[in-house]
Amino acid sequence: MRDIALILHVLAGVVAVLFGPLAIVFTLRRRGLNWAGEVYHWAIALVCLTALVMVPYDWARLWYFWPITIASYLFVYVGQRAAEAPGGLWYRGVLRGYGGGWVALWTAIAVVSLPHQWWAWLIPIVIGSPVIEWLCFNPAPSWTQQAQPGHTS
């Protein structure tokens, strides 16, 4: 079971790494939920589910991945919900949700890839979080315009 979960975990992780930026860009450009956001959401869901399956196999060393996994999924869920109902400051939910999930994904990759480097988890957070916040407070004009009735993106 662990081997199957690990294979699915890695495959879903690759899909999530690739589709995270696509989900953000397409969602902001199209002002709503789209296929890239759905793929990203389900890839992250599978990454998180398989992580929850694998952690008990090495609980003493990996227990802290449970809360990280749950928080990572919740980020993407927030982005998904914001994308479903654009209006007001919806783009901040998309950026913080989808972007936060992507930063969490890269943080997990850094921690697993560099397990003995305590600073590894800081790199994605220190780079990603300011970029996300800058975009939240400096949005593209198209993100803040109200969609015209009957207009489909």
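The structure this text deals with has already been given above.
Let me sum up the structure you'll find in this document. Worth saying up front: this structure is predicted, and the values here are computed from it rather than measured.

## Examining the overall build of the protein
Okay, so step 1: In terms of regular secondary structure, the protein is built from seven helices and zero strands.
Okay, so step 2: Listing each helix as α and each strand as β along the protein from the N terminus yields α-α-α-α-α-α-α.
Okay, so step 3: In terms of overall size, the protein behaves like a compact globule, its C-alpha atoms giving a radius of gyration of 16 Å where 153 residues would be expected to give roughly 15 Å.
Okay, so step 4: The principal-axis extents of the C-alpha atoms in the protein amount to approximately 55 × 30 × 20 Å.
Okay, so step 5: In the protein, which comprises 153 residues, the proportion classed as buried is 39%.
Okay, so step 6: Residue pairs at least 24 apart in sequence account for 68% of intrachain contacts in the protein once pairs closer than 6 positions are excluded.
Okay, so step 7: Approximately 9000 Å² of the protein is accessible, and the part contributed by carbon and sulfur atoms is 73%.
Okay, so step 8: Each charge class in the protein was averaged separately, 8 positive and 5 negative side chains, and the resulting centres sit 11 Å apart.

## Quick word on the nonpolar core
Okay, so step 1: Within the largest apolar cluster, 27 residues are counted, with the highest numbers of intra-cluster contacts made by Leu 28, Tyr 40, Ile 44, Val 94, Leu 95 and Tyr 98.
Okay, so step 2: At the level of secondary structure, the elements contributing two or more residues to this core comprise α1 (2-30), α2 (35-54), α4 (65-84), α5 (90-113) and α6 (122-137).
Okay, so step 3: Looking at which element gives the most residues to this core, the answer is α1, with eight residues.
Okay, so step 4: Dropping the residues within four chain positions of it, Leu 28 is found in contact with Trp 90, Tyr 91, Val 94, Leu 95 and Trp 143.

## Describing α2
Okay, so step 1: Here α2 spans 28 Å end to end across 20 residues, near enough to the 28 Å set by a 1.5 Å rise per residue.
Okay, so step 2: Residues of α2 that are buried: Ala 36, Gly 37, Tyr 40, His 41, Ala 43, Ile 44, Ala 45, Val 47, Cys 48, Thr 50, Ala 51 and Met 54.
Okay, so step 3: Looking at the packing, one finds that the buried side of α2 touches α1, α4 and α5.
Okay, so step 4: Among the residues of α2, the N-terminal cap falls to Asn 34, whose side-chain oxygen and the backbone nitrogen of Ala 36 are separated by 2.9 Å.

## Quick notes on the pattern of salt bridges
Okay, so step 1: For the structure shown, the criterion picks out three salt bridges.
Okay, so step 2: Close ionic contact of Glu 84 with Arg 81 constitutes a salt bridge, the shortest N to O distance being 3.1 Å. Of this pair, Glu 84 and Arg 81 both sit in helix α4, three residues apart, roughly one helical turn.
Okay, so step 3: Exposure remark for Glu 84: the relative accessible area of 42% places this residue in the partly exposed category.
Okay, so step 4: The salt bridge involving Arg 96 is made with Glu 133; its shortest N-O contact spans 2.8 Å. Of the two residues, Arg 96 sits in helix α5 while Glu 133 sits in helix α6, which places them 37 residues apart along the sequence.

What counts and how
- Residues numbered from 1 in each chain as written.
- Predicted model: local features only at pLDDT ≥ 70, side-chain atom pairs only at ≥ 80, totals over all residues.
- Heavy atoms only, no water.
- Helix = DSSP H or I, 4+ residues; strand = E, 2+ residues; numbered from the N terminus.
- Rg over C-alpha atoms; globule rule 2.2 N^0.38 Å.
- Buried < 20%, exposed > 50% of the residue type's maximum accessible area, 1.4 Å probe, protein only.
- Contact = heavy atoms within 4.5 Å.
- Areas by Shrake-Rupley, 256 points an atom, 1.4 Å probe, with all protein chains shown as cover.
- Lys, Arg positive; Asp, Glu negative; His and termini not counted.
- Charge placed at Lys NZ, Arg CZ, Asp CG, Glu CD.
- Core = buried A, V, L, I, M, F, W, Y, C linked by side-chain atoms within 4.5 Å.
- Expected span 1.5 Å × (residues − 1).
- Polar contact = N/O pair within 3.5 Å; in protein donor to acceptor, adjacent residues only side chain to side chain.
- Salt bridge = Lys/Arg side-chain N within 4 Å of Asp/Glu carboxyl O.

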